[in-house]
Amino acid sequence: MDYSQLPNRVIICIDMKAFFASVSCVIRGLNPLKVKLAVVGDTKRPGSVVLAATPLLKKEGIKTGSRLFDIPKRKDVYVVNPSMKRYIKASNYISSLVLQYVAPEDFHAYSIDELFIDVTASLHLFAKTPEELAHRIRDEIYQKTRLTATAGIGPNLLLAKISLDHEAKNSSSGVAYWRYEDIPIKLWSIHPLKNFWGISSATEKRLHRLGITTIKELALSSKEMLKKEFGVMGEELHQHANGIDFSRISDVYVPSSRSFGKSQILFQDYTSRKEVELLLLELLDDVCFRLRMHQVVAQTVHLSIGYSKQKGGFSKQKKMMRASNLTQDIFPYCLTILHTFDSGMPIRSIGISLSKTSIQREEQMSLFEDSDQRERAYALSKTVDDIRLRYGKNSILRASSHLDHSTAHYRNGLIGGHKA
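None of these values were measured; they are calculated from a predicted model.

Draft legend 1. Fine view of the pairing of strand β6 (residues 114-118). The element β6 is largely enclosed, with a buried count of five among its five residues. Side-chain alternation along β6 places E114, F116 and D118 on one buried face and L115 and I117 on a second face that is also buried. As paired elements, strand β1 (residues 11-16) and β6 share five bridges and run antiparallel to each other. Bridging from a neighbouring strand, D15 pairs with E114 of β6. As paired strands, strand β5 (residues 107-111) and β6 are joined by four bridges and run antiparallel to one another. Along β6, the bridge assignment pairs H108 with F116. From the end of β5 to the start of β6, which pair antiparallel, there are two residues.

Draft legend 2. Representation of the packing of helix α7 (residues 201-209) against helix α9 (residues 223-230) within the structure. Their axes nearest at 12 Å, the elements α7 and α9 cross at an angle of 130 degrees. Classified by the interaxial angle, the pair formed by α7 and α9 is oblique. α9 is crossed by α7, and the crossing has right-handed handedness. Residues T203, R206 and L207 of α7 form the contact with α9, whose own contacting residues are L226, E229 and F230.

Draft legend 3. How the structure looks around the pattern of salt bridges. As enumerated under the stated definition, the model contains 20 salt bridges in all. Ionic pairing is found between K169 and D165, a salt bridge with its closest N-O pair at 3.2 Å. By relative accessible area, K169 is classed as partly exposed at 33%. We classify D165 as partly exposed; its relative accessible area is 24%. The residue E235 makes a salt bridge to K227 at a minimum N-O spacing of 3.9 Å. Residue E235 is classed as partly exposed on the basis of its relative accessible area, which comes to 27%. What emerges from the salt-bridge pattern is a single network uniting D15, E114, K161, D165 and K169.

Draft legend 4. Region of interest: the side chain of S22. Looking at where S22 falls in the secondary structure, it is placed in helix α1 (residues 19-27). Residue contacts for S22: discarding those within four places in its chain leaves K17, P32 and L147.

Rules of the game
Residues numbered from 1 in each chain as written. Predicted model: local features only at pLDDT ≥ 70, side-chain atom pairs only at ≥ 80, totals over all residues. Heavy atoms only, no water. Buried < 20%, exposed > 50% of the residue type's maximum accessible area, 1.4 Å probe, protein only. Helix = DSSP H or I, 4+ residues; strand = E, 2+ residues; numbered from the N terminus. Pairing = 2+ DSSP bridges. Axes fitted to C-alpha atoms, helices over the stretch in contact; angles between N-to-C directions. Parallel < 35°, antiparallel > 145°, perpendicular 65-115°, else oblique. Left-handed = near helix turned anticlockwise from the far one by under 90°. Contact = heavy atoms within 4.5 Å. Salt bridge = Lys/Arg side-chain N within 4 Å of Asp/Glu carboxyl O.

In structure tokens:
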């Protein structure tokens, strides 16, 4: 592989160590590296999921995905609810610190606690080497937030991310730099295959069936064979195994069509389909609200149902007669999908997604419907939207949302699915 012909930029991937848990510690005046603290979805529910844990608590086996009842009940262990507003505020502040070192077009927020920057053009302004700049950024973040960051550096986005995950996070310095010449030693030593970025357990099994068990074997395998098995993704797997990534932060991706959706894992099993219909209606209200805020309409509705007693469920979609962002237009299609494919088993998760979106324009009048009534429906939706924007989502709810099995009031108090 002639790496001299490939992009050789200076990309830094920065990750905040145990971000949620660390922010929760700092809020309470605690040192994230010296205390045992877990952030759980709801401290009042024994089965609540652990969202984050400090390094010391992770050493005791408590990690993301553990349950509240797994956490030792001791005085030296803190268990707290999430504070999503504070997490978002901290994330935005860290982003503002990092943006001092690059132009906005060379900055990409990968998640709330991880980001990429391309410092190829600005490195000389702040440091002599990429490692020096990474340490400088880490130091500034710590001095101003008391949060610890780790940084992976590479000639492209892929190697920066992998150097972060496989070396920087486990290094005492918190910084790792992987170059193209490190690929045979460092990249190809990642094992098993599913530990490599972008390879799932299912993909690993398919690769095993092809006789590929290591990253090196993947890198040296036939590109044509991989394309035959995986399609376009096969070529991408081959490139990534060789440390190749042509993507650029400054290349803005504009999707041809956006989708809007919302899902919910329920607190209990729902057997009554009338109660499930109410939950679907409430979710759809939220999604349609977002459509109207973006001034778009959607033509395809996608409904997902997950059962609790047995693994499975269904995920089906249906194209509507016309694009809309009104709940009254879309809800009948949701009911049709539900009653067509539902097996009647207890339901534990639901999700609605609206796709095939387009800019909302004037509608063509129909001889088969009351145009005045439709205008009133749009006017009513706008009024409700305005009230919610001004006074909050709980300021105006359907009467049915005050029933015991409703979840709208509780969900409206959440940010990102967690307590604000």
